[in-house]
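# Examination of the molecular architecture
Chain residues, written in single-letter form:
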Amino acid sequence: MKCHVHIIHPCDIVRLGIENIIRSIPLVQVSSYLYFKDFTYQPNEKNLVIFDKDYLDEFNDITKRHNGKLILGICINTGNEIIGKSDIKCVKLDIGENELRELVKHELGLTGKSIGKVEQNSLSAREVDVVRCIAKGMSNKEIADVLCISTHTVITHRKNITAKLGIKSASGLTVFALLEGIISGEEVTNR
């Protein structure tokens, strides 16, 4: 059976960051929506909806309309409040990339592993420095100048980071850096 993940969140950076993480899971189609009204149920597929807690009522309406068939939910909760439905997984916005990926695979039945805290692929201290610079919007040349290394070394670090994290884009690395506390929101610049 095909699996389709629908990401519905009002914040572009959160929605696109989650989309980037989920796209690395094989055999999964991903759709991203700003509003729940744009969501399209995919019949004959497992539908996993990752949504902001403010869309809980809309999610409940959709599951009622389809008698709960083939619709799973993961609610993104920014606070500590508890969501009332026990069949909806709730995660905090600061969930790690690998933990989210494993949770999605588990919910879709794509893994036999139990879900616990997934150990983060460890980045070296220098790779963390490179991620921090990328998240701040620096070019390879700027990173090389700031870290006093060659541009070739920066590119090598970026290849290693991609291999470890599975994140290819600067925007994906920015979301990763924010979620992992490598940088704060104030440090992100629009270039």
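The rules behind these values
Residues numbered from 1 in each chain as written. Predicted model: local features only at pLDDT ≥ 70, side-chain atom pairs only at ≥ 80, totals over all residues. Heavy atoms only, no water. Helix = DSSP H or I, 4+ residues; strand = E, 2+ residues; numbered from the N terminus. Buried < 20%, exposed > 50% of the residue type's maximum accessible area, 1.4 Å probe, protein only. Contact = heavy atoms within 4.5 Å. Areas by Shrake-Rupley, 256 points an atom, 1.4 Å probe, with all protein chains shown as cover. Core = buried A, V, L, I, M, F, W, Y, C linked by side-chain atoms within 4.5 Å. Salt bridge = Lys/Arg side-chain N within 4 Å of Asp/Glu carboxyl O. pLDDT = per-residue confidence, 0-100. Pairing = 2+ DSSP bridges. Axes fitted to C-alpha atoms, helices over the stretch in contact; angles between N-to-C directions. Polar contact = N/O pair within 3.5 Å; in protein donor to acceptor, adjacent residues only side chain to side chain.

A separate point is the overall build of the protein. In terms of helices and strands, the protein carries seven helices and five strands. Across the 191 residues of the protein, 42% fall into the buried class. Across the protein, the fraction of contacts at a sequence separation of at least 24, relative to all contacts at a separation of at least 6, is 60%. A total of about 10,200 Å² of accessible surface is found on the protein, and carbon and sulfur atoms cover 51% of it.

Ranked by internal contacts, the top residues of the largest apolar core, which has 20 residues, are Val-5, Ile-18, Ile-22, Val-28, Ile-50 and Val-104. At the level of elements, β1 (2–8), α1 (12–22), β2 (28–33), β3 (45–52), β4 (71–77) and α3 (97–107) are the ones that each hand at least two residues to this core. Examining the composition of this core, we find that four residues originate from one element, α1, more than from any other. Leave out the neighbours within four places in its chain, and Val-28 touches Cys-3, Val-5, Ile-22, Leu-108 and Leu-110. Counting residues in each nonpolar core, the second largest holds 19 residues, with Leu-123, Ala-144, Ile-149 and Ala-177 among its members.

The next thing to look at is the pattern of salt bridges. Counted under the stated rule, the structure contains eleven salt bridges. The shortest N-O distance in the salt bridge between Arg-23 and Glu-19 comes to 2.5 Å. Since its relative accessible area comes to 48%, Arg-23 is described here as partly exposed. The shortest N-O distance in the salt bridge between Arg-126 and Asp-129 comes to 3.5 Å. Linking Arg-126 with Asp-129, this pair stays in helix α4 (residues 125–135), spanning three residues, or about one helical turn. Through salt bridges with shared partners, a single network forms among Arg-126, Asp-129 and Arg-132.

Looking at the protein as a whole, the pLDDT averages 81, with 85% of positions reaching at least 70. By mean pLDDT, β4 is the weakest element of the protein at 78, and helix α5 (residues 140–147) is the strongest at 94. Every residue in residues 112–121 is under pLDDT 50, and counting partners more than four places away or in other chains gives 18 contacts.

Here the focus is the sheet that holds β1. Spatial ordering of the open sheet is given by β2-β1-β3-β4-β5, a layout of five strands whose pairing is parallel. The sheet is open, and its two edges are formed by β2 and β5 (89–92), each paired on a single side. Strand-to-strand twist in this sheet, taken as the mean axis angle between neighbours without regard to direction, amounts to 20 degrees. Of the strand pairs in this sheet, β1 and β3 are connected by seven bridges, and their pairing is parallel. Counted as the bridge partner of Cys-3 is Lys-46 from β3. The strands touched by α1 within the sheet are β1, β2, β3 and β4, with β2 carrying the most contacts at an inclination of about 175 degrees. Lying over the sheet, α3 contacts β1, β3, β4 and β5, oriented at roughly 155 degrees with respect to β4.

Turning our attention to the side chain of Glu-102. Position of Glu-102 among the secondary structure elements: in helix α3. You can call Glu-102 buried: its relative accessible area is 15%. In terms of polar contacts, Glu-102 uses its side chain to reach the side chain of Lys-105, at 3.2 Å.

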